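Architecture and fold: a report
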Amino acid sequence: MGSVYSEYLSSSKVREHYNYTKESPDMKDTPSRQVASALIILLCCAIIVENLLVLIAVARNSKFHSAMYLFLGNLAASDLLAGVAFIANTLLSGSVTLGLTPVQWFAREGSAFITLSASVFSLLAIAIERHVAIAKVKLYGSDKSCRMLLLIAASWLISLVLGGLPILGWNCLGHLETCSTVLPLYAKPYVLCVVTIFSVILSAIVALYIRIYCVVRSSQADVAAPQTLALLKTVTIVLGVFIFCWLPAFSILLLDYACPVRTCPMLYQAHYFFAFATLNSLLNPVIYTWRSRDLRREVLRPLQFWRQAAGVQGRRDGTPGHHLLPLRSSSSLEKGMQMPTSPTFLEGNTMV
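Residues numbered from 1 in each chain as written. Predicted model: local features only at pLDDT ≥ 70, side-chain atom pairs only at ≥ 80, totals over all residues. Heavy atoms only, no water.

Overview of the pattern of salt bridges
Side-chain pairing between opposite charges can occur once the charged atoms of the two side chains come close. Counted according to the given criterion, the structure contains four salt bridges. Linked by salt bridges that have partners in common, E7, K13 and E16 make up one network. (Salt bridge = Lys/Arg side-chain N within 4 Å of Asp/Glu carboxyl O.)

With respect to helix α10 (residues 279-290)
The end-to-end C-alpha distance of α10 is 17 Å, a good match for the 16 Å that 12 residues give at a rise of 1.5 Å each. Listing the buried residues of α10 in full gives N280, S281, L282, N284, P285, I287, Y288 and T289. (Helix = DSSP H or I, 4+ residues; strand = E, 2+ residues; numbered from the N terminus. Expected span 1.5 Å × (residues − 1). Buried < 20%, exposed > 50% of the residue type's maximum accessible area, 1.4 Å probe, protein only.)

Examining the state of the cysteines
Scanning all chains against the criterion turns up two disulfides. The disulfide that involves C172 links it to C179, with 2.1 Å between the sulfurs. Classification of the bridge connecting C172 and C179 rests on its S-S torsion, roughly 105 degrees, and on that basis the disulfide is right-handed. Exposure class is identical for C172 and C179. Each is buried. Cysteines bonded in the chain are numbered consecutively along the chain; their disulfide partners then correspond to 1-2, 3-4. (Disulfide = S-S within 2.5 Å.)

Some thoughts on the packing of helix α5 (residues 102-134) against helix α7 (residues 188-218)
Where α5 meets α7, the closest approach of the two axes is 9 Å, and the angle between their N-to-C directions is 20 degrees. Here α5 is positioned roughly parallel relative to α7, judged by the angle of their axes. Taken as a pair, α5 and α7 cross one another with a handedness that is left-handed. Residue-level contacts link F113, S117, V120, F121, L123, L124, I126, A127, I128, R130, H131 and I134 of α5 to Y190, V194, F198, I201, A204, I205, L208, Y209, R211, I212, V215 and V216 of α7. (Axes fitted to C-alpha atoms, helices over the stretch in contact; angles between N-to-C directions. Parallel < 35°, antiparallel > 145°, perpendicular 65-115°, else oblique. Left-handed = near helix turned anticlockwise from the far one by under 90°. Contact = heavy atoms within 4.5 Å.)

A short note on the packing of aromatic side chains
Applying the stated criterion to the full structure yields 12 aromatic pairs. Measuring from centroid to centroid gives 5.8 Å for W105 and F106, while their planes differ by 80 degrees, and the two rings are edge-to-face. Both residues of the pair, W105 and F106, count as buried. Ring centres 5.2 Å apart and planes at 75 degrees place the aromatic pair Y186 and Y190 in the edge-to-face group. In terms of burial, Y186 and Y190 fall into one category: buried. Aromatic ring contacts, followed pair by pair, group Y8, W105, F106, F113, W170, Y186 and Y190 into a single cluster. When the ring centre of W290 is taken as reference, the NZ or CZ atom of R296 above it lies at 5.1 Å. (Phe/Tyr/Trp six-rings, centres within 6.5 Å; stacked < 30°, edge-to-face > 60°. Lys NZ or Arg CZ within 6 Å of the ring centre and 35° of its normal.)

Remarks on the UniProt feature "transmembrane region" (unreviewed entry) in the chain
Per the UniProt entry, the sites bearing "transmembrane region" (unreviewed entry) are residues 35-58, 70-92, 112-128, 149-169, 189-210, 230-250 and 270-290 in this numbering. Measuring from the first to the last C-alpha atom of residues 189-210 gives 31 Å, for a span that is 100% helix and 0% strand. (UniProt positions renumbered as here; feature names shortened; annotations may be inferred.)

Here's what the structure looks like:
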């Protein structure tokens, strides 16, 4: 056992595995790669900022301390950490990769797997909550807060275990023939396991939203009609973005499992597929805040404060500041987004 884990600190193991799985393991920092890395880091910074705004909004407003917003805050936290992990992954990629030890490589890849897994499990928790609130016509009460926190903790624990399995021993060190091409220190059976779990979760989310759709359609017209269009639109956006962002990454990992070593050149471009999947973390807060008038107003409050401060500073400097008006909830856009509220469907706000 000790000899196996002693390889974790070997500075030559990562290069050995890349030499076996890659046609050209010398990954130089070309200008195109540097530009791509800079764009990815900018994307991750945007992910961090917008999810941080959602977390601040949920934390400081007591009206958001309900089941839906607790799960939403958990999703924002996991997406924020995914942005941080992907920045670290990008900075430690390229020419830096071959200088890493296996334990450093496992930490680099494992952190991204953990945070992205937590995002997926958060989406599943939100789907379950929506099903409970709509299909079961039941709301979470204050006595259920312990259960919600346990569900959130369980999702992170499962994500930690799932992302930590390779560093715990489920890897291909000493077994080069079982190595993944996309992730050269990961065993192919582990990659297949991760893809299978994510696919099952996706199927469960689809099934839950189909169930919600059927319940809404079967409801009495005077009850369901005001919320039907908004609900179906939200479900379409959530499912469409989730599938659109993750399907290419799932496909490339399945191809990785099926292809013998060095037989599928497309696998050498897999980092673009993972970068594309990260867009899900960027779009999640946009979707949920856009569909909730109250949350959107709270998230935009820092921007409103900045605009007001800029207006005051402009008047002090003698520059026109009258055009820097505070944001109003009664704008034409806001009026177009307002919908009738119902405790059964919306829990006292416009979240659908």
